Amino acid sequence: MASITIEASKVARKSPIRVDTSLVGTVSGVEAVTVSLPSSKARLSVGKMGYKSNTITVEDGQTVRVTSNFLNRLIAIAPLLLYLFGGRYLPLVAVLSTIILLFSLPFLKLEIVG
């Protein structure tokens with residue numbers, strides 16, 4: 001059966017691993033996990049709603065690294081700085097923008113390393 005190895009690097013939360021939309025395990029901290037694939041190629045994603053990764057296509061025998069994407073976290077929280085500048089509707093816009101960005105940007109990054 002086909003399989004891949006997933007290496008976590010500074011992943012704070014226990015994040016579910018999905019292969020072709022099926023939950024196959026979890027990864028967190030700095031651990032390595034081996035996951036079975038249903039075929040020689042599959043789509044891989046890590047995370048849950050609000051704390052997700054990009055989706056990549058993996059092949060049998062590859063090693064995938066999961067890292068935290070600090071830049072996207074910074075971008076998501078940046079609109080809250082608008083709150084400091086005041087205005088009548090600016091705080092509402094800042095909070096709504098932050099919520100939208102938190103649920104749309106991937107906070108985990110998947111990359112094939114071997």
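Scroll up for the structure.
The structure presented is a predicted model; accordingly, all values stated were derived computationally and were not measured. (Residues numbered from 1 in each chain as written. Predicted model: local features only at pLDDT ≥ 70, side-chain atom pairs only at ≥ 80, totals over all residues. Heavy atoms only, no water.)

### What to know about the pairing of strand E1 (residues 3-9)
Only one face of E1 is buried: it carries Ile4, Ile6 and Ala8, and the other face, with Ser3, Thr5, Glu7 and Ser9, is open. Inspection of the sheet shows E1 paired to strand E4 (residues 32-36) by 5 bridges, in the antiparallel sense. The residue bridging Thr5 from the neighbouring strand is Thr34, located in E4. Relative to strand E8 (residues 63-68), E1 runs parallel, the two sharing 5 bridges. The residue bridging Ser9 from the neighbouring strand is Thr67, located in E8. (Buried < 20%, exposed > 50% of the residue type's maximum accessible area, 1.4 Å probe, protein only. Helix = DSSP H or I, 4+ residues; strand = E, 2+ residues; numbered from the N terminus. Pairing = 2+ DSSP bridges.)

### A short note on the environment of Arg18
Counting through the fold element by element, Arg18 comes out in strand E2 (residues 11-19). Put simply, Arg18 and Leu92 are 74 residues apart on the chain and 35 Å apart in space, counted from C-alpha to C-alpha. When sequence neighbours within four positions are dropped, the list of residues in contact with Arg18 reads Leu23, Arg43, Leu44 and Ser45. (Contact = heavy atoms within 4.5 Å.)

### Looking at the pattern of salt bridges
Applying the stated criterion across every chain, the model contains 2 salt bridges. Where Lys41 meets Glu59, a salt bridge forms, and the shortest distance between an N and an O atom there is 3.8 Å. Of the two residues, Lys41 is situated in strand E5 (residues 41-48) and Glu59 in strand E7 (residues 56-59); the sequence distance between them amounts to 18 residues. Judged by relative accessible area, Glu59 falls into the partly exposed class, the value being 37%. Salt-bridge contacts for Glu111 lead to Arg65; the nearest nitrogen and oxygen are separated by 3.8 Å. Of the two residues, Glu111 is situated in strand E9 (residues 108-112) and Arg65 in strand E8; the sequence distance between them amounts to 46 residues. Judged by its relative accessible area of 26%, Glu111 is partly exposed. On the accessibility criterion, Arg65 (31% relative accessible area) is partly exposed. (Salt bridge = Lys/Arg side-chain N within 4 Å of Asp/Glu carboxyl O.)

### A word on a nonpolar patch on the surface
Side chains of Ile77, Leu80, Leu92, Val95, Leu96, Ile99, Ile100, Leu102 and Phe103 sit close together on the surface and give an oily, nonpolar patch of about 790 Å² of accessible area. Sorting elements by how many residues they give to the nonpolar patch places helix H3 (residues 90-104) first, with 7 residues. Inspection of the secondary structure puts Ile100 in helix H3. For Ile100, a relative accessible area of 57% puts it in the exposed group. (Patch = residues over 30% accessible without salt bridge, like charges linked within 9 Å, V, L, I, M, F, W, Y side chains within 5 Å. Areas by Shrake-Rupley, 256 points an atom, 1.4 Å probe, with all protein chains shown as cover.)

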